[in-house]
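# Remarks on the overall topology
The primary structure of each chain is shown beneath.
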Amino acid sequence: MRKFITLVLLLAAAMTSRAAEPVMPTVKGEPFIASDGKHINAHGGAILLHDGTYYWYGENRGDGTPGKGQKGVACYTSTDLKNWDNKGIVLAVTDSVGAPLERGCIIERPKVVYNPATGKFVMWFHHELKGVGYGSAYSGVAVSDSPTGPFVHLNSGRINPGIYPENLPEEYRKIQWPKDMEWWTPEWRKAVEKGMFTVRDLDGGQMARDMTVFVDDDGKAYHVYSSEENLTLNIAELDSTYTRHTGRYIRIFPGGHNEAPALFKHNGTYWMITSGCTGWAPNEARLMKADNIMGDWTQLPNPCRGEGAKTTFDSQSTAVAHFGDRYTFMADMWNPKNLADSRHLWLPIKFDADGTPYITKD
Ligand code: GAL
């Protein structure tokens, strides 16, 4: 009898803790209002869970004027994933002329991870210097002792200068490509596949625009970014501080034009959802999988199903949130006329009988 009572009590405790576990709400583009009464101005972001609090980091688009008014990276906190408090700007642009983060620079797709070994919160972001449009193709890194900042900018630049990706065959490393090849021709496509842009950018480092950071179960972190004029994804290993690249990296889907990478791991398989490359306009999402994060990766069909699937339900991926046993697809419904008012799309990820993830809007 005593055993039975203990069992009942244990079950009850398990059910209570389960019931208390926050569930990500489904969000379908309606204004997402924080406790300050305003729509959450955190775009291209992701959520970090730390010590029972959820931290949502994203691009603060100021008052929304395209190309202007970016204040830096915003952070909102929550304990239930539904009610969010605005913690302000945790990585701020500066008025200091010539500084890398000078007001007018572009900061996109910030992702924050916690490094237990150093006790630091590490933020990576896509960084374009002021006045050059999208010409820098830099990644920036910043650290903080507190999840709500202030984050201190360490540096920005291109990735792994002087180092070849480990899956670029030896014979492709020596090819001297003509500089003036016409884009989109079959020859040009072959040249891209064989690493024409990797070799072009070798000395200065690889370009990096849309990006994410993924921390694996073994504590190793990886930086995933659109490289080679947004044509090819790179997956680059970070060192034990998460603030530097180790030099190990691979190229995947050369010429595949993947952006907005969102990576997650489910039952030992790595999954990545990306978008195509059409600026702020939505396009059809892509899905890829791998048994090993450093490859090989396999391309699968669009993970979105049902009405609106061809345009990812009018959105573009930014992250997959994984809390408990639930996975949520987080995406931006960009409004290029008022980027601050871009809406959020959060949909649960479902899995087919064979374990393949898919997303529906209903
Ligand atoms: C998208 C990218 C966004 C932003 C935009 C600018 O393709 O995913 O993060 O860079 O282009 O046009």
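Shown above is the structure to which this text applies.
Below you will find a few notes about this structure.

Criteria and thresholds
Residues numbered from 1 in each chain as written. Predicted model: local features only at pLDDT ≥ 70, side-chain atom pairs only at ≥ 80, totals over all residues. Heavy atoms only, no water. Helix = DSSP H or I, 4+ residues; strand = E, 2+ residues; numbered from the N terminus. Polar contact = N/O pair within 3.5 Å; in protein donor to acceptor, adjacent residues only side chain to side chain. Contact = heavy atoms within 4.5 Å. Phe/Tyr/Trp six-rings, centres within 6.5 Å; stacked < 30°, edge-to-face > 60°. Buried < 20%, exposed > 50% of the residue type's maximum accessible area, 1.4 Å probe, protein only. Lys NZ or Arg CZ within 6 Å of the ring centre and 35° of its normal. Salt bridge = Lys/Arg side-chain N within 4 Å of Asp/Glu carboxyl O. Near = heavy atom within 4 Å. Nonpolar A, V, L, I, M, F, W, Y, C, P; charged D, E, K, R; others polar. Pairing = 2+ DSSP bridges. 1 Å grid on protein atoms, 1.4 Å probe; cavity = no way out; pocket = protein on both sides within 12 Å on 5 of 7 lines; lining within 4 Å. Points joined across faces, edges and corners; volume = space filled by probe spheres on them.

### Things to note about the side chain of Arg251
Turning to its location among the elements, Arg251 is positioned in strand β13 (residues 245–252). A polar side-chain atom of Arg251 sits 2.8 Å from the main-chain carbonyl oxygen of Val192. A polar contact of 3.0 Å, which involves the side chain of Arg251, links it to the backbone oxygen of Glu193. Contact partners of Arg251, with chain neighbours within four places excluded, come to Pro165, Asn167, Leu168, Val192, Glu193, Lys194, Gly195, Thr198, Glu228, Thr232, Leu233 and Asn234.

### Focus: the packing of aromatic side chains
A complete count under the given rule lists 19 aromatic pairs for this structure. Between Trp56 and Trp346, the aromatic rings sit 4.9 Å apart at their centres with planes inclined by 50°, giving tilted as the arrangement. Placement of Trp56 in strand β3 (residues 53–60) and of Trp346 in strand β20 (residues 343–348) is noted, with a sequence separation of 290 residues between them. As far as burial versus exposure is concerned, Trp56 and Trp346 are alike and both buried. Here the aromatic residues Phe32, Trp56, Tyr76, Trp84 and Trp346 are joined through ring pairs into a cluster of three or more. The ring of Tyr358 carries Arg305 above its face, with NZ or CZ at 3.9 Å from the centroid.

### Thoughts on the pattern of salt bridges
For the structure shown, the criterion picks out 22 salt bridges. Note that Glu128 and Arg209 form a salt bridge whose closest N and O atoms lie 3.5 Å from each other. One end of the pair, Glu128, is in strand β7 (residues 120–128); the other, Arg209, is in the loop between α4 (196–200) and β10 (211–215), and 81 residues separate them in sequence. Close ionic contact of Glu170 with Arg173 constitutes a salt bridge, the shortest N to O distance being 3.8 Å. In this pair, Glu170 and Arg173 both sit in helix α2 (residues 170–173), three residues apart, roughly one turn of the helix. Taking relative accessible area as the criterion, Arg173 reaches 19% and is therefore assigned buried. Via salt bridges that share partners, Glu166, Lys220, Glu237 and Arg248 belong to a single interconnected network.

### Re the site of the ligand
Surveying the vicinity of the ligand reveals the residues Glu108, Arg109, Tyr134, Asp210, Glu259, Gly279, Trp280 and Gln316. One of the side-chain nitrogen or oxygen atoms of Glu108 is found 2.6 Å away from an oxygen atom of the ligand. In this structure, Glu259 approaches the ligand through a side-chain N or O atom, which is 2.4 Å from an oxygen atom. Here the residues of the shell around the ligand are counted per class, giving two nonpolar, two polar and four charged.

### A few points about the environment of Lys220
Inspection of the secondary structure puts Lys220 in the loop between β10 and β11 (221–227). On the basis of relative accessible area, Lys220 is assigned to the partly exposed category, the value being 37%. Distance from Lys220 to Asp239, taken between C-alpha atoms, is 7.7 Å for residues 19 residues apart in sequence. The contact partners of Lys220, leaving out residues within four places of it in the chain, are Phe214, Val215 and Glu237.

### With respect to the pairing of strand β2 (residues 43–50)
Along β2, seven of the eight residues are buried, which leaves the element largely enclosed by surrounding structure. With six bridges joining them, β2 and β3 adopt antiparallel strand pairing. By the bridge assignment for β3, Ala46 is matched with Tyr57. Count of turn residues in the β2/β3 antiparallel hairpin: two residues, of which Asp51 carries a positive phi of about 45°.

### So, the layout of surface pockets
Within this model, the largest pocket holds a volume of roughly 730 Å³. If you go around the largest pocket, you meet 27 residues; those closest to its centre are Ile47, Val113, Val213, Phe214 and Val215. In this structure, the second largest pocket occupies an estimated 280 Å³ of space. What lines the second largest pocket is Ile175, Gln176, Trp177, Pro178, Lys179, Met181, Trp183, Trp188, Met196, Phe197, Val199 and Arg200. With four residues, α4 is the single largest residue contributor to the lining of the second largest pocket. Along the lines of polarity and charge, the residues of the lining of the second largest pocket split into nine nonpolar, one polar and two charged.

### Brief notes about the pairing of strand β15 (residues 269–275)
Summarising burial for β15: seven of the seven residues are buried, a large majority. Residue alternation in β15 divides its side chains into two sets, Thr269, Trp271, Ile273 and Ser275 and Tyr270, Met272 and Thr274, and both sets are buried. Direction of pairing for strand β14 (residues 259–266) relative to β15: antiparallel, over a ladder of six bridges. Its bridge partner being in β15, Phe264 is matched across the sheet by Trp271. Joining the antiparallel neighbours β14 and β15 is a turn of two residues, in which Asn267 adopts a positive phi near 50°.

By themselves, these figures tell us nothing about what the structure is for.
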